[in-house]
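Spelled out, the chains give:
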Amino acid sequence: MKKIIVPIDFSEHSEYALKTAAKLAKEANAELLVLHMLELSDVILTESDSQQQQKAVFFLKLVEQKFETFLDKEYLKDVNVTPIVKHYKVFSEVNDVAKEHDVDLIVMGSHGTSGFKEFFVGSNTERVVRNSQTPVLVIKNEIKDINFGTAVFATSFEEENVRPYLNATSMFKALGAKLKLLYVNLPNEHFKSSVEIEKKIAEFLITADGNLDKLNDVAYQADYTVEQGVMNYANKVGADIIAIPTHGRKGISHFFAGSIGEDIANHSPLPVITFMI
């Protein structure tokens, strides 16, 4: 991991994300890009009037001052920090910034439980998760001891999840984390027998890894909803982080019907990282 980007709005929750990203950057010797999306109106950006231009300069200077204060933290010492200010009005543009700088991970703060609240003016964490081709790590609380020793990757074991699985495997290996794979079996039309589940998982691992070496790292959890199953299993094994695949703009994958994946990222007290399908 060479570059990590953290979008901030100078709030408490964005500092939770910044602290986490700083720890990861130190461990990986990665560059930390700190991004603020400054929403300036089209009038201010395009108006030739000197007064409007002065307003634009004023806002930019204000952000620079806030950056200087916000980044004056002990935990950022010895971290290669690069501040970035963009004036995009659509927060999906974070994905463009990430691609422009060849970023490996986006770390974001979220208010959590009551829904993805506004993180910046006209933008929120949910949009980043839906639009980002770069893995997104969602942080909702201050993590005293940042240690992702045990990770749970919840998946349907469909072929479309192979790439997210391989990306998650690579990232957690770099972080020194133990990756546990999880299938949630539901009591409805998606119910599968043990034989059916085992066959599906074996086919998935052969396709992804070319072997069955990780078969013992796979668990089945029977529950009433995918969200409950993931959370209950994560609690049972003492997981430090939950990983889920997403379809981005097309919505959550077949396994995470409706907004289940987003609900997990939203309601989980644990950090959640998403990988684009």
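About the criteria used
Residues numbered from 1 in each chain as written. Predicted model: local features only at pLDDT ≥ 70, side-chain atom pairs only at ≥ 80, totals over all residues. Heavy atoms only, no water. Helix = DSSP H or I, 4+ residues; strand = E, 2+ residues; numbered from the N terminus. Buried < 20%, exposed > 50% of the residue type's maximum accessible area, 1.4 Å probe, protein only. Contact = heavy atoms within 4.5 Å. Areas by Shrake-Rupley, 256 points an atom, 1.4 Å probe, with all protein chains shown as cover. Expected span 1.5 Å × (residues − 1). 1 Å grid on protein atoms, 1.4 Å probe; cavity = no way out; pocket = protein on both sides within 12 Å on 5 of 7 lines; lining within 4 Å. Points joined across faces, edges and corners; volume = space filled by probe spheres on them. Nonpolar A, V, L, I, M, F, W, Y, C, P; charged D, E, K, R; others polar. Pairing = 2+ DSSP bridges. Axes fitted to C-alpha atoms, helices over the stretch in contact; angles between N-to-C directions. Right-handed = clockwise from strand over helix to strand, strands pointing away. Phe/Tyr/Trp six-rings, centres within 6.5 Å; stacked < 30°, edge-to-face > 60°. pLDDT = per-residue confidence, 0-100. Salt bridge = Lys/Arg side-chain N within 4 Å of Asp/Glu carboxyl O.

## With respect to the overall build of the chain
Along its length, the chain carries nine helices and twelve strands. For the chain, the proportion of its 277 residues judged to be buried stands at 51%. If you take every contact in the chain between residues at least 6 apart in sequence, the share linking residues at least 24 apart comes to 78%. As displayed, the chain offers around 13,400 Å² of accessible surface, 47% of which is attributable to carbon and sulfur atoms.

## Digging into helix α1 (residues 12–28)
Under the 1.5 Å per step criterion, the end-to-end length of α1 is 25 Å for 17 residues, consistent within 8% with the ideal 24 Å. For α1, every residue scored as buried is listed here: His13, Ser14, Glu15, Tyr16, Ala17, Leu18, Thr20, Ala21, Ala22, Leu24 and Ala25. Positive phi shows up at Asn29, right after α1, with a value of about 55°.

## Details of the layout of surface pockets
Considered as a void within the structure, the largest pocket measures approximately 360 Å³ in volume. For the largest pocket, the lining is made up of 16 residues, of which Val103, Asp104, Pro135, Asn167 and Met171 are closest to its centre. Those elements that provide at least two residues to the lining of the largest pocket are α4 (94–100), α6 (162–174) and β12 (272–276). When residues of the lining of the largest pocket are assigned to their parent elements, the largest contribution, five residues, is made by α6. Of the residues contributing to the lining of the largest pocket, the split by class is eight nonpolar, four polar and four charged.

## Concerning the sheet that holds strand β1 (residues 3–7)
The strand order across the open sheet formed by ten strands is β3-β2-β1-β4-β7-β12-β11-β8-β9-β10, and the pairing between neighbours is mixed. Both edges of this open sheet fall to β3 (81–86) and β10 (218–222), since each of them pairs with a single strand only. Pairwise comparison of adjacent strand axes, ignoring direction, gives a mean angle of 25° for this sheet. When strand β7 (residues 136–139) meets β12, the two strands line up antiparallel, connected through three bridges. Within the sheet, the bridge partner assigned to Val136 lies in β12 and is Thr274.

## Looking at the pairing of strand β9 (residues 178–185)
Most of β9 is tucked away, with six of its eight residues classed as buried. Both strand β8 (residues 150–154) and β9 contribute to a ladder of five bridges, which runs parallel. Opposite Ala151, over in β9, you have Leu179 as the bridge partner. Note that the unit made of β8, α6 and β9 has a crossover that is right-handed. In this sheet, β10 lies alongside β9 in parallel orientation, the contact comprising five bridges. Considered in β10, the bridge of Tyr183 is made with Tyr220.

## Observations concerning the packing of aromatic side chains
Tallying each qualifying case throughout the model produces six aromatic pairs. With 5.5 Å between their ring centres and 80° between their planes, Phe10 and Phe70 make a pair best called edge-to-face. Of the two residues, Phe10 is situated in the loop between β1 and α1 and Phe70 in helix α3 (residues 50–70); the sequence distance between them amounts to 60 residues. With a relative accessible area of 8%, Phe70 lands in the buried category. Relative to Tyr183, the ring of Phe157 lies with its centre 6.3 Å away and its plane at 40°, an arrangement referred to as tilted. Of this pair, Phe157 sits in the loop between β8 and α6 while Tyr183 sits in strand β9; the two residues are 26 residues apart in sequence, bridging distant segments of the chain.

## What about the confidence of the model for the chain?
Looking at the chain, the pLDDT average stands at 83 and 83% of residues meet or exceed 70. Taken as a whole, residues 113–123 scores under 50 in pLDDT and shows 35 contacts with residues more than four places along the chain or in a different chain. Considering only residues more than four positions removed or in separate chains, one finds that residues 250–258, a stretch of pLDDT under 50, has 27 contacts.

## Some thoughts on the pattern of salt bridges
Applying the stated criterion to the full structure yields seven salt bridges. Salt-bridge contacts for Glu74 lead to Lys77; the nearest nitrogen and oxygen are separated by 3.2 Å. Residue Lys200 is joined to Glu158 by a salt bridge in which the shortest nitrogen-to-oxygen separation is 3.1 Å. Pair noted here: Lys200 is in helix α7 (residues 194–209) and Glu158 is in the loop between β8 and α6, with a separation of 42 residues, a long-range link. The class of Lys200 is buried, set by a relative accessible area of 17%. Among the ionic contacts, a cluster of salt bridges with common partners joins Lys19, Glu142 and Lys144.

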